[in-house]
Amino acid sequence: IDKNDTGESFGTDGKYTKELLEKHQRTMAFWTEADIDDSISTDDILLLSMHGEDLLDMDKLVPTVQRMFDFEDVNDVVAFASTIRDFVAALPEGGGNPLLTVN
């Protein structure tokens, strides 16, 4: 997963980006302070945007599927990601279909 948060945008035309980035910074500060025994891996606390078009990009979709599901074989991951990509591509407006928004 690309952990680079440069260029992330949230909401229509990025209207929630600033708010969510600020909340994420406060959340990270909380978990850093709460980690009194150094047992919390804050490297795994990510704020990443997900746009419908990302479901058409295998370079983004495959690592997302790997992280979300427990496949034992990478070929199964790629096959499942391909099924998702094909489904999204067949939607009216493809990755831009409003059904893919979380707003």
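Attention in this report is confined to the structure presented alongside it.

Some thoughts on the overall build of the protein chain
For step 1, the next point in the chain: Scanning the protein chain from N- to C-terminus turns up three helices and zero strands.
For step 2, the next point in the chain: The linear arrangement of helices and strands in the protein chain, starting from the amino end, is α-α-α.
For step 3, the next point in the chain: Taking 103 residues into account, the globule formula puts the C-alpha radius of gyration at 13 Å, and the protein chain, at 16 Å, lies well above it.
For step 4, the next point in the chain: Seen through its C-alpha atoms, the protein chain measures out along the principal axes to roughly 50 × 40 × 20 Å.
For step 5, the next point in the chain: Expressed as a percentage of the 103 residues in the protein chain, the buried residues total 21%.
For step 6, the next point in the chain: A sequence separation of at least 24 residues applies to 47% of the contacts in the protein chain between residues at least 6 apart.
For step 7, the next point in the chain: Here the protein chain carries 8 positive and 22 negative side-chain charges, and the mean point of each set is 8 Å from the other.

What counts, and at which threshold
- Residues numbered from 1 in each chain as written.
- Predicted model: local features only at pLDDT ≥ 70, side-chain atom pairs only at ≥ 80, totals over all residues.
- Heavy atoms only, no water.
- Helix = DSSP H or I, 4+ residues; strand = E, 2+ residues; numbered from the N terminus.
- Rg over C-alpha atoms; globule rule 2.2 N^0.38 Å.
- Buried < 20%, exposed > 50% of the residue type's maximum accessible area, 1.4 Å probe, protein only.
- Contact = heavy atoms within 4.5 Å.
- Lys, Arg positive; Asp, Glu negative; His and termini not counted.
- Charge placed at Lys NZ, Arg CZ, Asp CG, Glu CD.

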